[in-house]
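Structure at a glance
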Amino acid sequence: MPNIASISFLGYCFPTTPLNDIIILNSTSRERNDTNDSEDIDRVTNKTTTEVVISAETEPSSSSDFFDQVIADAHTSRYVIFTFGCGVSIALGIIFLIVLQLPGILSILVWTMVIAVDVALLGAGYYSRDVSNTWASGVRPGNEATALYYSSFVLYSLAGAWCLLILFMRKKIVLAIACVREASIAVSSQPIITLFPIVQVVGLFAFSIVWGIYMAFLASSGDIVSKCFCPNSIENDFNLNITSTSVVDSDGSLCGEGCLIHKEMQYSNNTMYAVIYMISMWFWTSQFIVAVGQIVISLAISFWYFNRDRKFISNATFLKAVSIATIYHLGTAAFGSLVIAIIKTIRTILTYMEKKAARSKLKVVLVTMRILKCLLWCLEKCIKFVNKQAYIQTAIFGYPFCQPCRMGFFLIMRNSLRISAVSVVSQFILFISKVFITVASTVAGYFYLERNFEDKLNFLMVPTSLIAVTAYAASEMFNEVFGMSISTILQCFVADEEMFEGDERFAPSSLSGTIDSTHKGMKKKKQVVPDGDN
C-alpha cells in the first residue's frame, strides 16, 4: 500500500498533494550485485512493490485541472474582482445619479425613449406594408401577404394609440421625470445609503450559516429505507423490509420480476414539521431583512423631502433613519414580512404536493396544485406591492402596519396613473443604470487585468466574468435603493400636495410645477398625520 501525506476533514482523509500529480507505478524490484569485473547481474525476485511518484507536470490532464486553474485565477485576482465589482460599481452609481441631475439629461433620455417607441411602430407598419406588396406579386402565398398587409394597419393603429396615450399622460410623465431627478438628488446627499444593502446581505449570510447547520442536522436525521420501483405495477413505489444482512440479487429478485431496488431517506412527521418550520423561518427572516431596508430608505428620503433647508442633509440623516427604524418600526417590518412568509411557505408545501401528485400520476390533483400555486404567486406579488407602499406610509406618518396598508391602498387608487407613469419611467432609468454600471465596471476591470495580471492568470476571462457578475449584483442593490427612493419621493409629493397649500408645501421647484390643476382649487383635506408630536 502506498503512503500518501493527507489531512483529516470531517472524518475523511484528503491528500495534501494534488491527485493529478500522483502517479502510481507497479514495478518489479531488482537486486543488483556488483562483481569484481563490474558486471551488473540483475536478480529478479517475485516481490512486487508499488512506488508513488510525485509528478512535476503542470499541464492540465483532466477537467479537474481546469477548475483548479479557475479557482487559482479567482484567488489571484480576488482584490481586483472586489475592487471593480463592488467599489467601482458603487462609484459609478453615484456618478450616474450626478449625471441625472444635470439640466435636461433626464428629460432627453425619457422623451427619446417615448419618441423611439412611436417611430419603431410606424417603421414596422411601413415595412410590413411594403413587404406585403412585394409578396402579393407572387413571391409568397396570398394569405401571408394579406395577413402582413392588415398587420401594417394594426401597427399604425398602435402608433396612433401610443401618441394619444402620451398626450393624455404627458403631465404624469413630467411628474415621473421630476420624481426620478429629485430621488437622485436625495440619494446623492446621503451616499452612505447605497452601502446599506451590503449590510443586509451580510446579515442574511450570517443567518444562512446558522440556518444551514440546523437544516443539515434535520436532513441527516432520517432513516435509510429500501424501496422497490416496478414500472409495470400500479403502485410503482412500495417499501421493502431489507436489513443490512439481507442478500439482494443484482436483478432485484426480492422485489419481483421487472422491479428495481433503490434507497431513499424516510423522515418522521416531527422531522417534516421541523423542516416546514425552518423553511418558514427562512422566508420570514429574509423578507424581514428586506422590509427593514425598505423602511430605512423610506425614512431617509422622507427626512430629505420634508426639510426646508436640505443643505443640512448628510449621512447623519441616514444614520438617524436607521436608529428610528430600529427603535420604532421593527414590528411593522416583522408583521409585513410574516404575511409574505406565510404565502411563500404555502407555495412550498404545494410544490411538494405537486411532486407527489406527479409521481402518483394524479392529473386532476396536479393541475389543481399548479393553479393554486399560480394564484398564490399573484397574491404574493400584490402583497409585496402593498407592503412597499405601507412601509413608505409608515416612514412618512409613523403609523403601525395595518393603517398604512389601508392608506397605501387608497393612495394607489387615487393616483393610479401617476404611479403607472413613475413606474414605467423609473424602470427605464433603472435599466439604463444597471447596464451602465455592469458594462463600465467589467470593461474597466478587463483592461486593468490585461495590463497588470496577464502573465499571472491562466484565463483572463474568468476574473472578468466574476467582475461582471459582482458588478451586476451591485447594480441590483443600487437599483433597489434608487427605486425605493423614487417611490418614496412620489408618495411624499402626494402627501405634501394633499396636506398643504401654496408656499406651505415642501415640494422642490421641479415638483411644485407638476401639481395638477384639479388640486389647486381644492380645499385643504382632513389632516392625516398622527395626532400629537408625531
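Residues numbered from 1 in each chain as written. Predicted model: local features only at pLDDT ≥ 70, side-chain atom pairs only at ≥ 80, totals over all residues. Heavy atoms only, no water.

1. Remarks on the layout of surface pockets
- Roughly 800 Å³ of volume is contained in the largest pocket.
- As for the largest pocket, its lining consists of 30 residues, and the residues nearest its centre are Gln-294, Lys-388, Gln-427, Glu-480 and Ser-487.
- Listing elements by their share of the lining of the largest pocket, those giving two or more residues are α6 (269–305), α9 (363–397), α11 (416–452) and α12 (461–499).
- Among the elements that make up the lining of the largest pocket, the one with the highest residue count is α12 (nine residues).
- In the lining of the largest pocket, the residues fall into 13 nonpolar, 11 polar and six charged. (1 Å grid on protein atoms, 1.4 Å probe; cavity = no way out; pocket = protein on both sides within 12 Å on 5 of 7 lines; lining within 4 Å. Points joined across faces, edges and corners; volume = space filled by probe spheres on them. Helix = DSSP H or I, 4+ residues; strand = E, 2+ residues; numbered from the N terminus. Nonpolar A, V, L, I, M, F, W, Y, C, P; charged D, E, K, R; others polar.)

2. Brief notes about the state of the cysteines
- According to the stated counting rule, one finds zero disulfides in the structure shown.
- For the unlinked cysteine Cys-374, the closest cysteine sulfur is that of Cys-378, found at 4.6 Å.
- The thiol sulfur of Cys-382 is not disulfide-bonded, and the nearest other cysteine sulfur, from Cys-378, lies at 6.9 Å.
- Judged by its relative accessible area of 48%, Cys-382 is partly exposed. (Disulfide = S-S within 2.5 Å. Buried < 20%, exposed > 50% of the residue type's maximum accessible area, 1.4 Å probe, protein only.)

3. Re the packing of aromatic side chains
- The full count for this structure, using the stated rule, is 17 aromatic pairs.
- On the basis of an interplanar angle of 40° and a centroid distance of 6.1 Å, the ring pair of Phe-478 and Phe-482 is categorised as tilted. Residue Phe-478 and its partner Phe-482 are located together in helix α12, separated by four residues, close to a single helical turn. Taken as a pair, Phe-478 and Phe-482 share a single burial class, namely buried.
- Among the aromatic side chains, those forming a connected cluster through ring pairs are Tyr-305, Phe-306, Phe-500 and Phe-506.
- It is Arg-310 that lies over the ring of Trp-304; its NZ or CZ is 4.6 Å from the centre.
- Seen from the ring of Tyr-305, Arg-310 lies directly overhead, with NZ or CZ sitting 5.8 Å from the centre. (Phe/Tyr/Trp six-rings, centres within 6.5 Å; stacked < 30°, edge-to-face > 60°. Lys NZ or Arg CZ within 6 Å of the ring centre and 35° of its normal.)

4. Some points on the environment of Arg-414
- Among the secondary structure elements, Arg-414 is positioned in helix α10 (residues 402–414).
- Classification of Arg-414 by relative accessible area gives partly exposed; the value is 45%.
- Arg-414 sits 80 residues away from Val-494 along the chain, and the two C-alpha atoms are 9.9 Å apart.

5. Considering the side chain of Asn-415
- The residue Asn-415 is located in the loop between α10 and α11 in this model.
- In this structure Asn-415 comes out as buried when scored by relative accessible area, which is 7%.
- Asn-415 has contacts with Val-494 and Glu-498, leaving out every residue within four places of it along the chain. (Contact = heavy atoms within 4.5 Å.)

6. Focus: the packing of α9 against α12
- The contact between α9 and α12 brings their axes to 10 Å, and the two run at 55°. Our classification of the angle between α9 and α12 gives oblique. Considering the relative orientation of α9 and α12, their crossing is right-handed. Packed against α9, whose contacting residues are Lys-388, Gln-389, Ile-392, Gln-393, Ile-396 and Phe-397, the element α12 presents Gly-483, Met-484, Ser-487, Thr-488, Gln-491, Cys-492, Ala-495 and Met-499 at the interface.
- When its residues are assigned to classes, the contact of α9 with α12 shows seven nonpolar, six polar and one charged. (Axes fitted to C-alpha atoms, helices over the stretch in contact; angles between N-to-C directions. Parallel < 35°, antiparallel > 145°, perpendicular 65-115°, else oblique. Left-handed = near helix turned anticlockwise from the far one by under 90°.)

7. Structural notes on empty space enclosed by the protein
- As enumerated under the stated definition, the model contains two cavities of 30 Å³ or more in all.
- When its volume is computed, the second largest cavity comes out at roughly 50 Å³.
- Lining the second largest cavity are Ile-90, Thr-194, Ile-198, Ala-474, Met-477 and Phe-478.
- When residues in the lining of the second largest cavity are grouped by element, the largest group, three residues, is from α12.
- Partitioned by chemical class, the residues of the lining of the second largest cavity number five nonpolar, one polar and no charged.

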